[in-house]
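Spelled out from the first residue to the last, the chains are:
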Amino acid sequence: MGNEKTGELATIIDRIRNVPDFPKKGVIYKDITPVLNDPESLQLVSKLLVVPFQGLEVNIIAGIESRGFIFGSHIATHLGAGFVPVRKFGKLPTKKITMEYELEYGKGQLEVHEDAILAGDRVVIHDDLLATGGSARAASELVKKLGGVIVGYSFIIELTYLNGRSVLESDIAVHSLIKV
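It should be emphasised that the depicted structure is a prediction, and the values quoted were computed from it without experimental measurement.

The rules we used
Residues numbered from 1 in each chain as written. Predicted model: local features only at pLDDT ≥ 70, side-chain atom pairs only at ≥ 80, totals over all residues. Heavy atoms only, no water. Helix = DSSP H or I, 4+ residues; strand = E, 2+ residues; numbered from the N terminus. Buried < 20%, exposed > 50% of the residue type's maximum accessible area, 1.4 Å probe, protein only. Arc of directions from axis to C-beta. Contact = heavy atoms within 4.5 Å. pLDDT = per-residue confidence, 0-100. Phe/Tyr/Trp six-rings, centres within 6.5 Å; stacked < 30°, edge-to-face > 60°. Polar contact = N/O pair within 3.5 Å; in protein donor to acceptor, adjacent residues only side chain to side chain. Axes fitted to C-alpha atoms, helices over the stretch in contact; angles between N-to-C directions. Parallel < 35°, antiparallel > 145°, perpendicular 65-115°, else oblique. Left-handed = near helix turned anticlockwise from the far one by under 90°. Core = buried A, V, L, I, M, F, W, Y, C linked by side-chain atoms within 4.5 Å.

Details of unusual backbone geometry
Going from Phe-22 to Pro-23, the amide bond is cis rather than trans, its omega being 5°. Relative to the helices and strands, Pro-23 is located in the loop between β1 (17–20) and β2 (28–31). A cis geometry characterises the amide bond from Glu-65 onward to Ser-66, with omega recorded as -10°. Take Ser-66: it is sitting in the loop between β3 (60–64) and α4 (67–79). Phi at Asp-21 is positive, roughly 60°, even though this residue is not glycine. Mapping Asp-21 onto the fold places it in the loop between β1 and β2. The exposure class of Asp-21 is partly exposed, given its relative accessible area of 40%. With a phi close to 55°, Asn-163 is a non-glycine residue in the positive phi region.

Below is the structure:
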């Protein structure tokens, strides 16, 4: 997968399943379900995702729907931070703000409640995968609109060939466990 298959990451890398032609022909979906199903891998990923943000006084983890919810809430729990779900369009029940973004296979919209992030909140944006960077960038724009300060990005997998880092702020750290 691009990383050396040694040490702690080898177990995780071996459990990520490639699903060809999902959700569209030509896309290879990185399925983390086998990682979630294995208690050792689940605990290891949770532990490794927290490390870069320890001591940074993070008070909100913004997890992008839907797989970003899983480990985003783990990161929040371990850092003593709150968790904010960044949802797909039409999923939030009260006042919200919306941002459109480009996917590697189309367009999407993300939303967050207007009162979810306060001015000055120190926020880490988490998702399972960094591809083109569109959803992470949209989440970042939502956080900034509400006055939050992005202190980092967190991903399990980064598809380096899609250069998603290039659309994220260059002065904010991007942490990916696995680079493909």
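Points about helix α1 (residues 8–15)
Here α1 has its buried residues at Leu-9, Ala-10, Ile-12 and Ile-13. Looking straight down α1, one finds its buried side chains confined to an arc of 170°; they lie on one side. In the core, the buried residues of α1 are packed alongside α2 (33–37), α3 (39–50) and β9 (174–179).

Topic: the confidence of the model for the protein
Summing up the model confidence of the protein, the mean pLDDT is 93 and the portion of residues at 70 or higher is 96%. Ignoring residues within four places in sequence, the model shows residues 1–5, a span with pLDDT below 50, making 17 contacts including any to other chains.

Some points on the packing of aromatic side chains
Working definition: an aromatic ring pair is given by the centre-to-centre distance plus the angle between the planes. Within this structure, the stated rule accounts for three aromatic pairs. Measuring from centroid to centroid gives 6.0 Å for Phe-69 and Phe-83, while their planes differ by 85°, and the two rings are edge-to-face. Highlighted residues: Phe-69 in helix α4 and Phe-83 in strand β4 (residues 82–88), separated in sequence by 14 residues. We classify Phe-69 as partly exposed; its relative accessible area is 21%. A centroid spacing of 6.5 Å and a plane angle of 5° characterise the contact between Tyr-153 and Phe-155, whose relative ring orientation is stacked. Taken as a pair, Tyr-153 and Phe-155 share a single burial class, namely buried.

Some details on the side chain of Lys-30
Inspection of the secondary structure assignment puts Lys-30 in strand β2. Among the polar contacts listed, one links the side chain of Lys-30 to the side chain of Asn-18, at a separation of 2.6 Å.

Thoughts on the packing of α3 against α4
The axes of two packed helices give the description: the angle between them and the distance between them. Packing of α3 against α4 brings their axes to within 9 Å, and their N-to-C directions diverge by 60°. In terms of orientation, α3 lies oblique with respect to α4. α3 and α4 meet at a crossing whose hand is right-handed. Touching Leu-42, Val-45, Ser-46, Leu-49 and Val-50 of α3 are Phe-71, His-74, Ile-75, His-78 and Leu-79, all from α4.

Comments concerning the nonpolar core
One finds Ile-12 and Val-45 to be the most contacted residues of the largest nonpolar core, which totals 27 residues. Counting residues per element, this core draws most heavily on α3, at five residues. With 26 residues, the next largest nonpolar core counts Ile-64, Val-84, Leu-142 and Tyr-153 among its residues.

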